[in-house]
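For reference, the chains in residue letters:
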2 protein chains.
Amino acid sequence: MIFDHRFVTLTGGYWREKYDLNRDVTMKAVYDRFDESGRIAAFRCDWKEGMPNRPHIFWDSDVAKWMEGAAYLLEKENIPALEEKVEALIDEIERNQHEDGYFNIFYTVVEPEKRWTNRDCHELYCAGHLMEAACAYYNATGRDRFLRCMMKYADYIAKVFMEEHSAAFNTPGHEEIELALYKMYKTTGEPRFYELMKYFLETRGQPDNHEAQIFAAPHYAQSHAPIREQHEAFGHSVRAMYLYSGMADYAAESGDPVLLDACRALFEDVTRRKMYVTGGIGSTNIGEAFTIPYDLPNAKAYTETCASIGLMFFANRLFRADPERTSAYADAVEREMYNGALSGLSLDGEKFFYENPLEINLTERHRITATNDGEHWPIAERVRIFGCSCCPPNLNRLLPAIGDYFYAYDESEGAVWVNQFGTSVFERDGVKVTQTTDYPMDGTVKIISNVPVYVRIPGWCRKFTADRPHDDCHGYAKFDAGEITVTFEMKPFLLAANPRVTPNLGRAVLCRGPIVYCAEAVDNGGGVHTLYFDRTRVHDARVSRVSGIPLPVIDLDGLRMEDTDGALYAPLDERFTPAGIRLIPYCCFANRGESDMLVWLPVR
Amino acid sequence: MIFDHRFVTLTGGYWREKYDLNRDVTMKAVYDRFDESGRIAAFRCDWKEGMPNRPHIFWDSDVAKWMEGAAYLLEKENIPALEEKVEALIDEIERNQHEDGYFNIFYTVVEPEKRWTNRDCHELYCAGHLMEAACAYYNATGRDRFLRCMMKYADYIAKVFMEEHSAAFNTPGHEEIELALYKMYKTTGEPRFYELMKYFLETRGQPDNHEAQIFAAPHYAQSHAPIREQHEAFGHSVRAMYLYSGMADYAAESGDPVLLDACRALFEDVTRRKMYVTGGIGSTNIGEAFTIPYDLPNAKAYTETCASIGLMFFANRLFRADPERTSAYADAVEREMYNGALSGLSLDGEKFFYENPLEINLTERHRITATNDGEHWPIAERVRIFGCSCCPPNLNRLLPAIGDYFYAYDESEGAVWVNQFGTSVFERDGVKVTQTTDYPMDGTVKIISNVPVYVRIPGWCRKFTADRPHDDCHGYAKFDAGEITVTFEMKPFLLAANPRVTPNLGRAVLCRGPIVYCAEAVDNGGGVHTLYFDRTRVHDARVSRVSGIPLPVIDLDGLRMEDTDGALYAPLDERFTPAGIRLIPYCCFANRGESDMLVWLPVR
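The structure displayed is predicted, hence computed values, not measured ones.

Caption draft 1: Up close: the overall build of chain A. On a plain count of helices and strands, chain A comes out with 14 helices and 22 strands. Its C-alpha atoms give chain A a radius of gyration of 24 Å, within 12% of the compact-globule value 25 Å for 604 residues. A principal-axis box enclosing the C-alpha atoms of chain A has dimensions of 75 × 65 × 50 Å. Looking at the 604 residues of chain A, the share that counts as buried comes to 64%.

Listed below in structure tokens is the structure:
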């Protein structure tokens, strides 16, 4: 089963616009901020005590993700200025790599004597990101200088961890190297990298010789159990997604049914019990972590952009690993790509959210903060860089590789899965599938394929039509080769949350197609926290385009609960007046100044 | 303007039952717990270090309130066993009163050297409660032994505070003595007690020579401003109510219009911005305090029983002080007496709530506690005594004096205000008003009066009829002397909160007459947190009586939000199934074991 953006060309539409925005704006924006903050210069490894911009333990990974994104662009296009920047960074990596293969900025210039002493300090995580970047750059350019550095580094890591056991810990405190080593294996064809990946995965949950962690509980870094015994998502949500992605790679490669079952259980636990309607995961800022099932507060949602991207990684890999090939995996990817992952990027491509809340109530926030200073709130406007700026370069590498999620080609069956919709072409070994569509503006998708295709019927879709006969397979419609037109009804609809999500009792969210909508105060005079959906009027929703918002906005006839005469309590029916409600796609919120925002509106 | 239970006889109905329950059960229950815990023996003032039951700084006041309640009963009936207990306590007070007039158990036996050194330690508060009890006992029995002790104590306090200024503070950290001194003045006719009351009130908000307080902010004990400049309710809610009651007494006595305006503003701030629908006030456990307007969380409502009783004190006094005589004051009293104050007492009369929450969600509580140990939750079942057991004896003195709230007689106009409804007689100086009614079971009230009467039209009432012509006066219907039948429509109705009370958006509360209803899990299989009101079916509500609940229960056709197939998100209309909802009066909750409970249900 192949899914690889290298065989996919976005020929138009929404995702092509995002691809171009990243290439033309976001890549430069992230690089410039990294340059200003000393992250680029840090690769020279000449920082000394007393100089500004003391390197941080995860700076290598920030820049490595950006390099990986650059490599994906260079695959498709010749961009000499970009290539030059990457080459300059590789020069420094090559120059500053230790004799034994080690490369890590912090542990070279800040605490050189402390190499491999602190499980929490992201060395293997940084190594993993450099390896992913090296694989991408090799695939893009065919030049193996960076890849060779990383092969040497991986061999050194194998020696330290698998042979000498000389590190103060056995597995990384922040997972990432596992999935990176799988890429090293697939890119180089060298089984020793697969062996090292397996070592880290199989060692996880065994008694560790050094369990120093920010949070004492082993659950925080998914160290509480061997991988086959992990069935509930715990701890830091990004670490969890990266581990589960590595587990899914391992399950796909090994065919281990017990491991596959663990992956399925984890996917189920995340998407059916611990995921916001936007796809956001990891509901608490305390440890950036999962909490307990159905604990999904809106205004305090932590929902890191990286965690949403991580769930895309995991879901796509699990689709590959799971012979059942249900549409639930691509449904989860779609939820993220249109909502919780994409909301991390401003519409102008230059600013970022780390946290993606489902409600902003500036008044409530100020009044709660007045009585309790210790409260943590997500920021209400995107910024250009964070102290811990992992999310921006994660978007840099997601957007040029978004084709990974569109098509999956099963060589043994000779069929292609159409997992995501957008004007694009998949082409590989004479197999060709073309999509033409205005999705998600419109629900009609034209597909021309010279092999059989499985077309996903999205989980949100209540009415699906096709102009050709088809079989139903686990949420996909299977068609023979040829020209096919499918249509997904795009009428806006209201979703309710499971009643165990108590903050959403009495509330609903409006969706259209895969897109989750929200109300922003800037569009709704009088604020958003007194608006009510009128469920009898949702069928009259008006869908239109307005300038500045790249997806349709929706206007509804709703209600507003009035502060009648200042009364604290008043008869229910005397409280309401008709009110227009304008909704915008959630991923477009917070682009017009600080504003109250609400995803889950009360319903009447 | 006279309102005094001494001239009111409850001749039947709901409040007569509560009067009897207190006399027959609650008085004994509280006395026995106070006896077991050492509070009664403490009056012997023979405690020594190393002995059990070390007296606490507020024990005097706990017992004094019980004595006051006993006095109110002794006014009406000869109960020798009760009188004997009171006399025994007075014996000890007389015996242990210091030469100079001082009486305080803690500062006699535990820290005798620290008299008047700590503003927070309730000396003047205890003194006030003893004075209230002494006045009540004198009025009941005509015997002045206790009153004379307290006159001596008050004179000593005047000397220390007004002449010598020898205490480490100028005003009490916990108000109470102000309103007590007003009672001393009215009972003895001695203006010097009024002068001392004025001193404490006028000195409040002036720079204090010793501001030691549990909570540093002067707002906590209402010390932030002179009384005429206090327009917003701040700080500890019981302290606030007692202060405002004293201010209202002062305003009534003095006719000071600026002070009256301050009282009105405080009443408005409390009842229109900081009061639960049950009448509960003081929403946070942190300082048992008011927070900011509209901050009224349900499950964590602090809403101390004493604070609700305190609001009754304040509202009734303000009715006397305010020449406008609007019905808002008696409306507030009614809300408290049927809901937030009465919920402090179990139906069997033996157990008590200190906090009266509007929601109990045991599942949510356990899961939040699992992630944050520091959370404070109200208890879910009443107990027999508290460490700080101020609320039980406050009910002891409220219930036998409930007649205070029923009638107000304006001697100059020769008219009677009927403020509360219940079968009863008011009789004073040849003026006689008789009520016959099943209120609140039924909305019809028959009144026979030999003077003009103002009958309150409750704020909750949307349909009022009378068999006689009447004038409308600030929420009262004024009738000439004679026989009158008035009817308040008792159809259940839904109330909505002001939209600024964000936890109640999308929710409503069902009321019938003055009674706020709630749903308890014990009556609703499947729990209460998934129930929805169907607003189109509320008119079909069925009102009935069941054994064990002394007020009507209500059955409704509503809806339940289903956990359909465990789905985290599902189309709104697929979530609901019809469900019967049983509601019981809020004041009757938590009498059948620990159970989830909800006042504000979502509405569909």
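Caption draft 2: Spatial organisation of the sheet that holds strand S4 (residues 415-418) of chain B. Residues and elements named next belong to chain B. Taken together, 5 strands build an open sheet; the order of strands is S3-S4-S8-S11-S10 and the sheet is mixed. Sheet topology places strand S3 (407-410) and strand S10 (471-473) at the edges, where each strand pairs with a single neighbour. Across the sheet, the mean angle from the axis of one strand to that of its neighbour is 25°, orientation sign disregarded.

Caption draft 3: Geometry of the relation of the copies chain A and chain B. When chain A is fitted to chain B, the residual RMSD is 0.0 Å, and the transformation amounts to a turn of 180° plus an axial shift of 0.0 Å. Taken together, the rotation and translation relating the two chain copies correspond to the operation of a two-fold axis. Residue by residue, 100% of the interface of chain A is reproduced at the interface of chain B, so both copies engage with the same surface.

Caption draft 4: Region of the structure containing helix H8 (residues 191-203) of chain A. Residues and elements named next belong to chain A. For H8, built from 13 residues, the straight-helix expectation of 18 Å at 1.5 Å per residue is met to within 8% by its first-to-last C-alpha distance of 18 Å. Buried residues of H8: Phe193, Tyr194, Leu196, Met197, Tyr199, Phe200, Leu201 and Thr203, and no others. Buried residues along H8 sit in contact with helix H5 (123-141), helix H6 (145-164), helix H7 (177-188) and helix H9 (237-254). Of the residues flanking the end of H8, it is Gly205, one or two places downstream, whose phi is positive at about 85°.

Caption draft 5: Geometry of helix H14 (residues 391-398) of chain A. All names here are of chain A. Among the 8 residues of H14, 8 are classified as buried, and the element is accordingly described as predominantly covered. Buried within H14 we find Cys391, Pro392, Pro393, Asn394, Leu395, Asn396, Arg397 and Leu398. The inward-facing, buried residues of H14 contact helix H1 (13-36), helix H2 (59-76), H5, H9 and helix H11 (305-321).

Caption draft 6: Representation of the environment of Phe58 of chain A. Residues and elements named next belong to chain A. Residue placement: Phe58 occurs in the loop between H1 and H2. Sequence separation of Phe58 and Tyr125 is 67 residues, and the distance between their C-alpha atoms is 8.1 Å. If sequence neighbours within four positions are ignored, Phe58 has contacts with His122, Tyr125, Cys126, Gly387 and Cys388.

Caption draft 7: Spotlight on the sheet that holds strand S10 (residues 471-473) of chain A. Residues and elements named next belong to chain A. In spatial order, the strands read S3-S4-S8-S11-S10; together these 5 strands make up an open sheet with mixed pairing. Strands at the two margins of the open sheet, each flanked by one partner only, are strand S3 (407-410) and S10. Adjacent strand axes in the sheet meet at a mean angle of 25°, parallel and antiparallel pairs treated alike. Where S10 lies against strand S11 (residues 476-479), 3 bridges are found, and the strand directions are antiparallel.

Caption draft 8: Molecular detail of the interface of chain A and chain B. The partner chain B presents 53 residues to the 53 residues of chain A that form the contact. Roughly 4,400 Å² of surface becomes buried between chain A and chain B when both sides are summed, with 55% attributable to carbon and sulfur atoms. It is Arg367, Leu568 and Tyr569 of chain A in chain A that bury the most area against chain B; as a group they hold 18% of the surface buried on that side. In this structure, the connection of chain A to chain B is made through 4 salt bridges. Arg500 of chain A is paired through a salt bridge with Asp563 of chain B; the nearest N and O atoms lie 2.9 Å apart. Remark: the boundary between chain A and chain B carries 24 residue pairs in polar contact (both at pLDDT 80 or more). Contributions of two or more residues to the side of chain A that touches chain B are made by helix H10 (257-273), helix H13 (362-371), strand S13 (493-497), strand S14 (507-512) and strand S19 (569-571) of chain A. Tallying contributions element by element places S13 of chain A first for the side of chain A that touches chain B, with 4 residues. In the side of chain A that touches chain B, the residues fall into 26 nonpolar, 10 polar and 17 charged. Pairing of S19 of chain A with strand S13 (residues 493-497) of chain B, which is carried by 3 bridges, proceeds in the antiparallel orientation. When the sheet's bridge partners are listed, Pro571 of chain A is paired in S13 of chain B with Leu495 of chain B.

Caption draft 9: View of the packing of aromatic side chains. All names here are of chain B. In this structure the tally under the stated criterion is 80 aromatic pairs over all chains. Taking 5.5 Å as the distance between ring centres and 55° as the angle between the ring planes, the aromatic pair formed by Tyr244 and Phe314 counts as tilted. In this pair, Tyr244 sits in helix H9 (residues 237-254) while Phe314 sits in helix H11 (residues 305-321), placing the two residues 70 residues apart along the sequence. When sorted by exposure, Tyr244 lands in the same class as Phe314, which is buried. With a centroid separation of 5.2 Å and 65° between ring planes, the pair formed by Phe421 and Tyr439 is classed as edge-to-face. In this pair, Phe421 sits in the loop between S4 and strand S5 (424-428) while Tyr439 sits in the loop between strand S6 (431-437) and strand S7 (444-449), placing the two residues 18 residues apart along the sequence. Overall, the relative accessible area of 2% leaves Tyr439 in the buried class.

Caption draft 10: Structural view of the state of the cysteines. Residues and elements named next belong to chain B. Applying the stated criterion to the full structure yields 0 disulfides over all chains. Considering cysteine sulfurs only, Cys306 is the nearest to Cys391, which forms no disulfide, with 3.5 Å between them. The cysteine Cys587 is free of any disulfide, with Cys588 supplying the nearest cysteine sulfur at 3.9 Å.

Caption draft 11: Main features of the packing of helix H7 (residues 177-188) of chain B against H9 of chain B. All names here are of chain B. Following both chains from N to C, one finds H7 and H9 inclined at 40°, their axes separated by 7 Å at the closest point. Across the interface between the two elements, Glu178, Leu179, Tyr182, Tyr185 and Lys186 of H7 pack against Tyr242, Ser245, Gly246, Asp249 and Glu253 of H9. Looking at side-chain class alone, the contact of H7 with H9 contains 4 nonpolar, 2 polar and 4 charged residues.

Caption draft 12: Expanded view of the pairing of strand S15 (residues 515-520) of chain A. Residue and element names in this part refer to chain A. Of all 6 residues making up S15, 6 are buried, and the element is well covered by its neighbours. Burial along S15 is two-sided: the face carrying Ile515, Tyr517 and Ala519 and the face carrying Val516, Cys518 and Glu520 are both buried. Note: S14 against S15, 2 bridges, orientation antiparallel. Residue Arg512 lies in a different strand from S15, and its bridge partner there is Ile515. Between S14 and the antiparallel strand that follows it, S15, lie 2 residues; Gly513 among them carries a positive phi value of about 60°. With 2 bridges joining them, S15 and strand S20 (residues 576-585) adopt antiparallel strand pairing.

Caption draft 13: A look at the confidence of the model for chain A. Of the residues in chain A, 98% have a pLDDT of 70 or more, and the chain-wide mean is 95. Our summary of model confidence lists the complex with pTM equal to 0.89 and ipTM equal to 0.89.

Conventions we followed
- Residues numbered from 1 in each chain as written.
- Chains lettered and ligands numbered in written order.
- Predicted model: local features only at pLDDT ≥ 70, side-chain atom pairs only at ≥ 80, totals over all residues.
- Heavy atoms only, no water.
- Helix = DSSP H or I, 4+ residues; strand = E, 2+ residues; numbered from the N terminus.
- Rg over C-alpha atoms; globule rule 2.2 N^0.38 Å.
- Buried < 20%, exposed > 50% of the residue type's maximum accessible area, 1.4 Å probe, protein only.
- Pairing = 2+ DSSP bridges.
- Axes fitted to C-alpha atoms, helices over the stretch in contact; angles between N-to-C directions.
- Least-squares fit on C-alpha atoms with pLDDT ≥ 70 in both.
- Contact = heavy atoms within 4.5 Å.
- Expected span 1.5 Å × (residues − 1).
- Buried area = accessible area lost by both parts, 1.4 Å probe.
- Salt bridge = Lys/Arg side-chain N within 4 Å of Asp/Glu carboxyl O.
- Polar contact = N/O pair within 3.5 Å; in protein donor to acceptor, adjacent residues only side chain to side chain.
- Nonpolar A, V, L, I, M, F, W, Y, C, P; charged D, E, K, R; others polar.
- Phe/Tyr/Trp six-rings, centres within 6.5 Å; stacked < 30°, edge-to-face > 60°.
- Disulfide = S-S within 2.5 Å.
- pLDDT = per-residue confidence, 0-100.

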